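# Examining the three-dimensional arrangement
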Amino acid sequence: MWITLFLFKIICFSMSQAVGGNSFTTQKPLRCGDVLLHCTQSSLSWTRCYEENIAKCELKTRIFGFSRQTVNSSLEGDLNPTSHHRVYITSSSFEGAATTVMASVINSTYFKLSPPQRSRLQFHRREGTVLRGLVLAVKAVNMTENGEIIRNLLQPIMLFFKHNNMNPEISVTNLDAEKLSYITYIGSALSVIFTFISLIIFIWLHRRCPEKAIGLHMQLTGAMFCLHLSFLLCSFWEWLRKNEDSSICLVLGLFLHWSLLATLTWTALEGFQIYLLLIRVFNIYVRRYLLKLCLVGWGFPTFVATICGISGVYGKYTLQLREAKNGNSTAQMCWISSDFQSRRPLVSYITTVAFPLLVVLFNACMLGLVVCKMWKLRSDDKKMNFGSSSDWKEINKEKRKRLWKDCLTVLGLSCVLGLPWGLASTTYVSLTGIYIFTILNSLQGVFIFLWSVGLARKS
């Protein structure tokens, strides 16, 4: 009996030593995306916990801010945890066995929460501003010698940081980010409601008087309804399933991208309609005109979104919010994945920057033509009224009414032609520009509703 009790104590003591001897590691390897959260919630030194768990975490898909690669004497290492950070290791840096190299980009605010204690990672504190508020940590582990850290490299590890001093990024505080989020969500919710009502109004107007312009407005309103609805769904899903990649997020990202492309395409077609009316004027009849426009308005976005979906473009997008005093914070949603943008930024640039820019420039020219035509008509009216015996007070009153009517028409056409999208350029200049862009574009559905009510009264 004493021998049994003695063996039981030895087993319990050995198990307690095995668990307590390495309190930073977990029994089951964590997912690489959960290591930082797990370690910062621990009461122990999070730097040492992160160092030991990140070396053996599970990496099923690429994660924004983390990259891992195996390097040996015949294979060089080139890691890109983000689009602004790169780690390059020559094949001659290591000799002998293969080595696992990990590169992590960590928010600098974590280093202010608890100073590193007894960690093999070397952190040198210096006064000043951290570049983009992000810290790049690199670790190399030998794969055959019990995971020992590599020392005395034959060649140094090269670190690359992208930074543009001529185009400084605007600092957005957490309070401003929260306000902008509320504005966006409330505005998009109102736009969903009012675009749905506007769609009903345009359908009624089209049945009553089947004009081409009404049909165009109806298609644009439907695309805008899909845009704001998909944005709310993408944001809500990411909030509901935070830090989790799923096929639903991919579908929602595709839906949002398709809706944006459809809205921009129909906006461009609205400008094309004005071009036919003001420039071509004669011989503008096209057989099945609206059907052909639908093939372009819905076909082009579907084609582009399908190609992007097959190419694996969509996923979780991480937005970095930079605050001058308190460092960085992140916001995530289902969109074009940050990983894909870091590897192939051309797709995102063409579909979300170049294409909207071309649409806005073309429609701005069309609006300028409308203003010129209206100015010419009002000038002709002045010549006709000159020298008449009519009451000048009545004439001035009528002129003021026409002026207000013309201003409202220009404002309405500006919304229909998507010119508020052009205010995206102001978001790179000041925080005020971000607020203006957010308010006007989140309330697009409300402006379309006012335009539909004006057309209904006119009819």
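Criteria and thresholds
Residues numbered from 1 in each chain as written. Predicted model: local features only at pLDDT ≥ 70, side-chain atom pairs only at ≥ 80, totals over all residues. Heavy atoms only, no water. Axes fitted to C-alpha atoms, helices over the stretch in contact; angles between N-to-C directions. Helix = DSSP H or I, 4+ residues; strand = E, 2+ residues; numbered from the N terminus. Parallel < 35°, antiparallel > 145°, perpendicular 65-115°, else oblique. Left-handed = near helix turned anticlockwise from the far one by under 90°. Nonpolar A, V, L, I, M, F, W, Y, C, P; charged D, E, K, R; others polar. Salt bridge = Lys/Arg side-chain N within 4 Å of Asp/Glu carboxyl O. Phe/Tyr/Trp six-rings, centres within 6.5 Å; stacked < 30°, edge-to-face > 60°. Lys NZ or Arg CZ within 6 Å of the ring centre and 35° of its normal. Patch = residues over 30% accessible without salt bridge, like charges linked within 9 Å, V, L, I, M, F, W, Y side chains within 5 Å. Areas by Shrake-Rupley, 256 points an atom, 1.4 Å probe, with all protein chains shown as cover. Buried < 20%, exposed > 50% of the residue type's maximum accessible area, 1.4 Å probe, protein only. Pairing = 2+ DSSP bridges. pLDDT = per-residue confidence, 0-100. Contact = heavy atoms within 4.5 Å. UniProt positions renumbered as here; feature names shortened; annotations may be inferred. Disulfide = S-S within 2.5 Å.

The next point concerns the packing of helix α5 (residues 174-208) against helix α6 (residues 212-240). Two elements in contact, α5 and α6, have axes whose closest approach is 8 Å; the angle formed by their N-to-C orientations is 155 degrees. Classified by the angle between their axes, α5 and α6 sit roughly antiparallel to one another. The two elements α5 and α6 cross, and the hand of that crossing is left-handed. In terms of residue class, the contact of α5 with α6 is made up of 15 nonpolar, twelve polar and no charged.

In this structure the tally under the stated criterion is one salt bridge. Ionic pairing is found between R86 and D78, a salt bridge with its closest N-O pair at 2.9 Å.

Under the criterion given, the structure shown has nine aromatic pairs. Among the aromatic residues, those joined into a cluster by ring pairs are F255, W258, W266 and W298. When the ring centre of Y289 is taken as reference, the NZ or CZ atom of K212 above it lies at 4.9 Å.

A surface patch of nonpolar side chains, amounting to about 670 Å² of accessible area, comprises Y182, I186, L190, I193, F196, I197 and I200. Residue I186 is classed as exposed on the basis of its relative accessible area of 53%.

Burial runs high along strand β3 (residues 85-89): four of the five residues are buried. Both strand β2 (residues 77-82) and β3 contribute to a ladder of four bridges, which runs antiparallel. Bridge assignment links D78 to a residue of β3, and that residue is Y88. The antiparallel hairpin formed by β2 and β3 contains two residues in its connecting segment.

Turning our attention to unusual backbone geometry. Positive phi, normally seen in glycine, also occurs at R288, with a value near 50 degrees. With respect to the helices and strands, R288 occurs in the loop between α7 (247-280) and α8 (289-310). Take R288: its relative accessible area is 56%, and that puts it in the exposed class.

Turning our attention to the confidence of the model for the protein chain. Averaged over all residues, the pLDDT of the protein chain equals 79, while 77% of them reach at least 70. Of all the helices and strands in the protein chain, helix α1 (residues 2-20) carries the lowest mean pLDDT, 37, while α8 carries the highest, 95. The low-confidence segment residues 1-24, where pLDDT is below 50, has nine contacts with residues more than four positions distant or belonging to other chains.

Burial of strand β4 (residues 99-107) is extensive: nine of the nine residues sit out of reach of the surface. In β4, alternate side chains face the same way, and those of T99, V101, A103, V105 and N107 on one face and T100, M102, S104 and I106 on the other are all buried. Bridging between strand β1 (residues 66-71) and β4 involves six bridges; their strand directions are antiparallel. The residue bridging Q69 from the neighbouring strand is V101, located in β4. Across nine bridges, the pairing between β4 and strand β5 (residues 134-142) is antiparallel.

As a further point, take the UniProt feature "transmembrane region" (unreviewed entry) in the protein chain. UniProt marks residues 182-205, 217-240, 255-278, 290-314, 346-372, 403-422 and 434-456 with the feature "transmembrane region" (unreviewed entry), using the numbering shown here. End-to-end, the C-alpha atoms of residues 217-240 are 34 Å apart, and along that stretch the chain is 100% helix and 0% strand. End C-alpha atoms of residues 255-278 are separated by 35 Å, and the span's content is 100% helix alongside 0% strand.

Counted according to the given criterion, the structure contains three disulfides. Between the sulfur atoms of C32 and its disulfide partner C57 the distance amounts to 2.0 Å. The sign of the S-S torsion, about 85 degrees, decides the handedness of the disulfide formed by C32 and C57: right-handed. Pair noted here: C32 is in the loop between α1 and α2 (35-40) and C57 is in the loop between α3 (46-54) and β1, with a separation of 25 residues, a long-range link. The two residues C32 and C57 agree in class, both being buried. Each sulfur in the disulfide pair C249 and C334 lies 2.2 Å from the other. Classification of the bridge connecting C249 and C334 rests on its S-S torsion, roughly -120 degrees, and on that basis the disulfide is left-handed. Of this pair, C249 sits in helix α7 while C334 is found in strand β8 (residues 327-336), placing the two residues 85 residues apart along the sequence.

Looking now at the sheet that holds strand β6 (residues 158-161). Pairing is antiparallel in the open sheet, where three strands are placed in the order β2-β3-β6. The sheet is open, and its two borders are formed by β2 and β6, each paired with just one other strand. The mean inter-strand angle of the sheet, taken between neighbouring strand axes irrespective of direction, is 15 degrees.

With respect to the helices and strands, L411 occurs in helix α11 (residues 392-416). Classification of L411 as exposed rests on a relative accessible area of 53%. Note: C-alpha distance between L411 and L367 (44 residues apart in sequence) is 9.9 Å.

Further remarks concern the sheet that holds β5. The three strands lie next to each other as β1-β4-β5, forming an open sheet whose pairing is antiparallel. Of all strands in the sheet, those bounded by a partner on one side alone are β1 and β5. Between one strand axis and the next, the sheet turns by 15 degrees as a mean value, whatever way the strands run. Contacts between α3 and the sheet are confined to β1, β4 and β5, with β4 contributing the most and set at about 140 degrees to the helix.

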